[in-house]
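Spelled out, the chains give:
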Amino acid sequence: LVQVRMITTNANGNDEWVGIDDIMIAQDVVNQPSLSINSVSIAEGNSGTVNAVFTVSISAAPTMPVTVNFATANSTATAGSDYTAATGTLTFPVSSTASQTISVPVIGDLTFENNETFFVNLTNPVNATIGTAQGIGTITNDDPMPTISINDVAVMEGNSGVTNALFNVSLSNPSFQTITVMFATANGTAIAGTDYTAATGTLTFPANSTTPQTVTVPVIGDITFEPAETFFVNLSNPTNATIADNQGLGTIMNDDQDPGATANTTIYVADTGNNRIQRSTDNGLTWLAIGLGTGNTPGRFSSPRGVAASSDDMSIFVADTGNNRIQRTTDGGKSWQVLASFGAGTSNVNAPQDLTYDQVNDRLFVTDTGNNRIMVATGARMTAAPVFGVFAGATVGAGVGKFSRPAGIAVSATGVVYVADTGNNRIQVNSNGQATGWSIFAQSSFGTAIGKFNNPRSVFVDQFNNVAVADTMNNRIQIFRSSSSTWQEFMTNGTTIGSVRLPEGAKISGTGDVFVADTANNRIQKKPLAGGPASLVGSQGTGAGSFLQPTGIR
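The rules we used
- Residues numbered from 1 in each chain as written.
- Predicted model: local features only at pLDDT ≥ 70, side-chain atom pairs only at ≥ 80, totals over all residues.
- Heavy atoms only, no water.
- Helix = DSSP H or I, 4+ residues; strand = E, 2+ residues; numbered from the N terminus.
- Buried < 20%, exposed > 50% of the residue type's maximum accessible area, 1.4 Å probe, protein only.
- Contact = heavy atoms within 4.5 Å.
- Areas by Shrake-Rupley, 256 points an atom, 1.4 Å probe, with all protein chains shown as cover.
- Lys, Arg positive; Asp, Glu negative; His and termini not counted.
- Charge placed at Lys NZ, Arg CZ, Asp CG, Glu CD.
- Pairing = 2+ DSSP bridges.
- Axes fitted to C-alpha atoms, helices over the stretch in contact; angles between N-to-C directions.
- Phe/Tyr/Trp six-rings, centres within 6.5 Å; stacked < 30°, edge-to-face > 60°.
- Lys NZ or Arg CZ within 6 Å of the ring centre and 35° of its normal.

### Quick notes on the overall build of the protein chain
Phase 1 of the analysis: Per the secondary structure count, the protein chain includes zero helices and 45 strands.
Phase 2 of the analysis: Once the C-alpha set of the protein chain is aligned to its principal axes, its extents read approximately 150 × 55 × 45 Å.
Phase 3 of the analysis: Here the protein chain holds 554 residues, and the buried ones make up 49% of them.
Phase 4 of the analysis: Contacts in the protein chain between residues far apart in sequence, at least 24 positions, make up 56% of those at least 6 positions apart.
Phase 5 of the analysis: Surface summary for the protein chain: the accessible area is close to 23400 Å², and the carbon and sulfur share equals 51%.
Phase 6 of the analysis: Treating the 24 positive side-chain charges of the protein chain as one cloud and the 39 negative ones as another, the clouds have centres 20 Å apart.

In structure tokens:
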């Protein structure tokens with residue numbers, strides 16, 4: 001409402017014109033609309049950002065354009081780490097009651113923490129008043145309280161001094177609080193003071209950190225031939241967290257010679273391209289074909305890739321890969337029996353790649369490659385119909401005790417099982433025959449450095465717990481020396497004698513020679529483990545002592 005009344009007279013008492021230069025019409029302050037901002041709660045998410053959207057409303061349609069400034073401010077939440085600061089100006093057009101919005105990006109994380117708050121403040125209104133000047137943004141925590149876990153570890157004991165078993169204790173996710181947990185060792189079959197040194201203490205995880213903490217347990221070396229022994233590291237009394245896995249299994253692996261062992265000069269090779277098994281009883285000097293030829297009836301093979309035998313060479317087991325089955329003879333190769341056929345059941349296999357015979361316990365272990373699992377048959381030699389069961393795996397995975405296309409397998413004299421976990425580029429070891437007994441052997445993982453692997457296809461362990469691995473896609477053979485607990489690059493890429501291409505098998509014989517299935521070079525090589533030149537003990541061909549794409553070797 002604008003009222004202008006101007007009356008003026010001159011000296012004679014007559015009306016006169018009056019000029020008005022400017023008239024400013026302002027909205028009545030009493031009737032100005034009011035601005036208000038709401039408060040918002042939002043879950044932060046685990047990554048990226050999610051917008052907290054605030055609504056600024058106007059109480060009535062303005063007759064003049066309305067503006068207001070806004071800016072965020074910290075409370076318990078901090079700009080830059082919890083949310084992204086925002087400032088600006090909102091404009092409400094004439095005659096409109098439409099609300100305006102302010103978007104504040106909230107930064108996701110994995111940290112367990114209290115709910116946090118920040119503010120959005122309204123200031124400097126034009127042609128309006130402010131009713132609610134401050135909106136509260138509440139960032140609600142959506143991360144669980146952290147859980148604590150400990151891994152399993154296997155170490156060679158050594159002959160003297162101590163070797164440290166290093167257990168990693170890890171958090172599932174960070175916390176805004178400091179986390180502690182107590183640990184203490186406990187005997188299994190290993191005895192504190194004799195086999196290892198007891199350890200107790202408290203681990204501390206700083207706030208906002210997930211860096212693993214380490215428990216170090218000294219393992220005492222000796223020269224006694226003995227089975228693998230175990231001890232435990234138990235977690236207890238956590239603060240500001242819960243425990244998911246409270247027990248780490250420590251396996252002390254024997255690396256001492258069996259005093260009753262004698263040198264075995266028998267070598268078996270899966271001559272894959274020739275669909276047969278060949279055997280040498282004189283350390284590779286002469287060879288004899290085993291089996292009835294190519295085919296799918298018992299005693300005939302299609303692309304066999306694995307072979308194992310009893311010490312008297314009467315019981316022979318074959319991973320008949322192309323026929324998706326396991327075969328056995330108990331009379332040295334005269335008659336054959338199918339033990340497991342194609343399928344996914346507990347008595348079936350799918351593209352089995354390798355097998356190994358545990359003579360002490362009469363068990364046959366099989367890498368059931370197509371089913372991503374390890375099978376075991378009890379009474380493998382002594383019963384007419386061995387009973388198969390799943391030893392480990394069953395579903396593909398990268399966790400400890402899970403497998404991806406496992407190809408090679410071996411068992412030590414003390415019953416420790418080694419697996420070439422091909423698709424996961426590592427070697428796994430099981431020390432106790434149970435699901436809890438698995439660990440990653442010697443920190444193996446993908447890579448080209450020594451001790452790292454690319455599609456390892458076979459593994460072998462000798463009576464001294466030296467381990468030979470056919471590191472296939474790295475075109476080399478690697479040896480783990482138990483006496484020093486170190487890896488060695490034993491043979492490398494090439495076509496000359498002493499070099500290999502895509503090797504798929506390696507064995508350390510009782511005479512101390514390493515026999516290698518040099519697959520892409522279609523030959524078998526022999527090289528002393530202690531050092532020295534390699535020699536050719538089988539070349540390309542189809543006759544006795546000649547090979548096409550040899551793979552498994554025992």
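### Some points on the sheet that holds strand 16 (residues 229-239)
Phase 1 of the analysis: Reading across the sheet, the five strands line up as 11-18-16-13-14 and stay open at both edges, with mixed pairing between neighbours. Looking along the sheet, the strands with just one partner apiece sit at the ends: strand 11 (153-156) and strand 14 (200-205). Pairwise comparison of adjacent strand axes, ignoring direction, gives a mean angle of 25 degrees for this sheet.
Phase 2 of the analysis: As defined by bridge partners, strand 13 (residues 179-187) adjoins strand 14 across six bridges and the pair is classed as antiparallel. Paired with Ile179 across the strands is Phe205, a residue of strand 14.

### Details of unusual backbone geometry
Phase 1 of the analysis: Of note, Asp313 is a non-glycine position whose phi angle comes to about 65 degrees, a positive value.
Phase 2 of the analysis: Mapped onto the fold, Asp313 is located in the loop between strand 22 (306-309) and strand 23 (316-320).
Phase 3 of the analysis: Take Asp313: its relative accessible area is 16%, and that puts it in the buried class.
Phase 4 of the analysis: Even without being a glycine, Asp362 presents a positive backbone phi close to 50 degrees.
Phase 5 of the analysis: Structurally, Asp362 is set in the loop between strand 27 (354-358) and strand 28 (363-368).
Phase 6 of the analysis: The exposure class of Asp362 is buried, given its relative accessible area of 11%.

### A short note on the environment of Ala340
Phase 1 of the analysis: Counting through the fold element by element, Ala340 comes out in strand 25 (residues 337-342).
Phase 2 of the analysis: Once the C-alpha coordinates of Ala340 and Arg328 are considered, the two residues, 12 residues apart in sequence, prove to be 9.8 Å apart.

### Side note on the side chain of Thr356
Phase 1 of the analysis: Looking at the element boundaries, Thr356 is found in strand 27.
Phase 2 of the analysis: Not counting the four nearest positions on each side in its chain, Thr356 is found in contact with Ala308, Arg363, Leu364, Phe365, Ile409, Ala410, Val411 and Arg554.

### Observations concerning the sheet that holds strand 32 (residues 417-421)
Phase 1 of the analysis: Taken in spatial order, the four strands of this open sheet run 31-32-33-34, and their pairing is antiparallel. The sheet is open, and its two borders are formed by strand 31 (408-411) and strand 34 (438-440), each paired with just one other strand. Within the sheet, the average angular offset between the axes of one strand and its neighbour, ignoring direction, is 20 degrees.

### Let's talk about the packing of aromatic side chains
The relation between two aromatic rings is expressed through the spacing of the ring centres and the mutual angle of the planes.
Phase 1 of the analysis: All chains considered together, the criterion is met by 16 aromatic pairs.
Phase 2 of the analysis: Aromatic side chains Phe391 and Trp438 sit 5.9 Å apart centroid to centroid with 70 degrees between the ring planes, which places their arrangement in the edge-to-face category. A residue pair is termed long-range when its members are at least 10 positions apart, and Phe391 in strand 30 (residues 387-393) and Trp438 in strand 34 qualify at 47 residues. Judged on exposure class, the residue Phe391 and its partner Trp438 are both buried.
Phase 3 of the analysis: Of the aromatic side chains, those joined through ring pairs into one cluster are Tyr418, Phe441, Phe453, Phe480 and Trp487.
Phase 4 of the analysis: Just above the ring of Phe490 sits the side chain of Lys527; from NZ or CZ to the centre is 4.6 Å.

### Overview of the pairing of strand 19 (residues 267-271)
One face of the sheet, then the other: side chains in a regular strand alternate in exactly this way.
Phase 1 of the analysis: For strand 19, a buried count of five out of five residues is recorded, marking the element as mostly surrounded by other parts of the structure.
Phase 2 of the analysis: Of the two faces of strand 19, the one carrying Ile267, Val269 and Asp271 and the one carrying Tyr268 and Ala270 are both buried.
Phase 3 of the analysis: Across five bridges, the pairing between strand 19 and strand 20 (residues 276-280) is antiparallel. In the strand pairing of strand 20, Ala270 is matched with Ile277.
Phase 4 of the analysis: Counted along the chain from strand 19 to the antiparallel partner strand 20, the turn is four residues long, and its residue Asn275 has a positive phi close to 55 degrees.
Phase 5 of the analysis: Two strands pair when backbone bridges link them, and strand 19 and strand 45 (residues 550-553) are joined in this way by two bridges, in the antiparallel orientation. Pairing of Asp271 across the sheet is with Pro550, part of strand 45.

### Topic: the side chain of Asn324
Phase 1 of the analysis: Looking at the secondary structure, you find Asn324 in the loop between strand 23 and strand 24 (325-329).
Phase 2 of the analysis: When neighbours within four sequence positions are excluded, Asn324 is seen to be in contact with Ala340, Ser341, Phe342, Val349, Asn350, Ala351 and Pro352.

### Comments concerning the pairing of strand 24
Phase 1 of the analysis: Judged by how many residues are buried, strand 24 sits mostly within the fold: five of five residues are covered.
Phase 2 of the analysis: Along strand 24, one buried face is formed by Arg325, Gln327 and Thr329 and the opposite face, lined by Ile326 and Arg328, is buried too.
Phase 3 of the analysis: Strand direction decides the pairing type here: strand 23 and strand 24, joined by five bridges, are antiparallel. From the neighbouring strand, Val318 faces strand 24, where its bridge partner is Gln327.
Phase 4 of the analysis: Counted between consecutive antiparallel strands, the loop separating strand 23 from strand 24 contains four residues, among which Asn324 sits at a positive phi close to 50 degrees.
Phase 5 of the analysis: With three bridges joining them, strand 24 and strand 25 adopt antiparallel strand pairing. In the sheet register, Gln327 faces strand 25, and the bridge partner there is Val338.

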